[in-house]
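Below, each chain spelled out in residue letters.
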Amino acid sequence: YKNFPNKKIILITAENFTNEFISSINLKKTTSFKNKYRNADILLIDDIHFFQDKQGVQEELFNTFNALYDAKKQMVFTCDRPPSELKNLTPRMQSRFSMGLIIDLRMPDYETKLAIMRNKAAMQKAVIEDAVLDLICKNINTSVRDLESALTNIIAYSELLKKPVTVETASAMLAYR
């Protein structure tokens, strides 16, 4: 946000977008809701699979999408699967989600995972041996969030025991995952 102070950037989860929409109906403030989202320069909505089976919200998002698209604004939607695998979306919403650039984000390679773990350890001001980071990177292959979670749990575990983070303590923690 700070790099683009003149841009109206909105980052929201699909659940929160839905809750705001419902609240705007209940409070009779739909115009305010529409203006907020349709005047964004960049709209990022996380977890769009949440919109499945929510026809009213899909209708509002469809209109918001069209307004932003016509104004040549940027939109980013994230999901845990490709748009073609989403169920119970209106065909036109399915079409909107499929018309842009679709990128499948996969688990990074080992070197990138190791770099991420070094960075996360430094952010937590934790001194972690490369052997421990290696162990985490080789044993967690699901997501970067899971890598971060494993590191956080290992650090917390060692702090609880008042012992340094070692391969042994890390192995013990990873065994519980």
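Above this note sits the structure.
S.K.: I'd love a proper account of the overall build of the protein chain, names of residues and values included.
M.R.: A tally of regular secondary structure across the protein chain gives eight helices and three strands. The order of α-helices and β-strands along the protein chain, N terminus first, is β-α-α-β-α-β-α-α-α-α-α. Computed over its C-alpha atoms, the radius of gyration of the protein chain comes to 21 Å, more than 25% above the 16 Å expected for a compact globule of 177 residues. Judged by the C-alpha coordinates and their principal axes, the protein chain covers about 55 × 35 × 30 Å.

S.K.: Can you break down the sheet that holds strand E1 (residues 9-13) residue by residue, with the values?
M.R.: The three strands are arranged E1-E2-E3 in an open sheet whose pairing can be described as parallel. The open sheet has two edge strands, E1 and strand E3 (74-77), and neither has a second partner. Averaged over all neighbouring strand pairs, the angle between strand axes comes to 10°, with direction disregarded. By the bridge criterion, five bridges tie E1 to strand E2 (residues 42-46) in an arrangement that is parallel. Of the residues in E2, the one forming a bridge with Ile-10 is Leu-43.

Reading the values: the criteria
- Along each chain, residues carry numbers from 1 onward, in the same order as the chain's sequence is written.
- Local features in this predicted model are restricted to residues of pLDDT 70 or higher, and side-chain atom pairs are both shown and tallied only at a pLDDT of 80 or more, whereas totals for entire chains, interfaces and linings draw on every residue.
- Note that the side-chain values use all heavy atoms of the structure and ignore hydrogens as well as water.
- Segments assigned H or I by DSSP are reported as helices when at least four residues long, segments assigned E as strands when at least two residues long, and all are numbered from the N terminus.
- Our radius of gyration looks at C-alpha atoms and nothing else; its globule reference is 2.2 Å times the residue count to the power 0.38.
- A strand pair is defined by DSSP finding two or more bridges across the two strands.
- Axis lines are fitted through C-alpha atoms, for helices just across the contact stretch, and the angle between N-to-C directions can take any value from 0 to 180 degrees.

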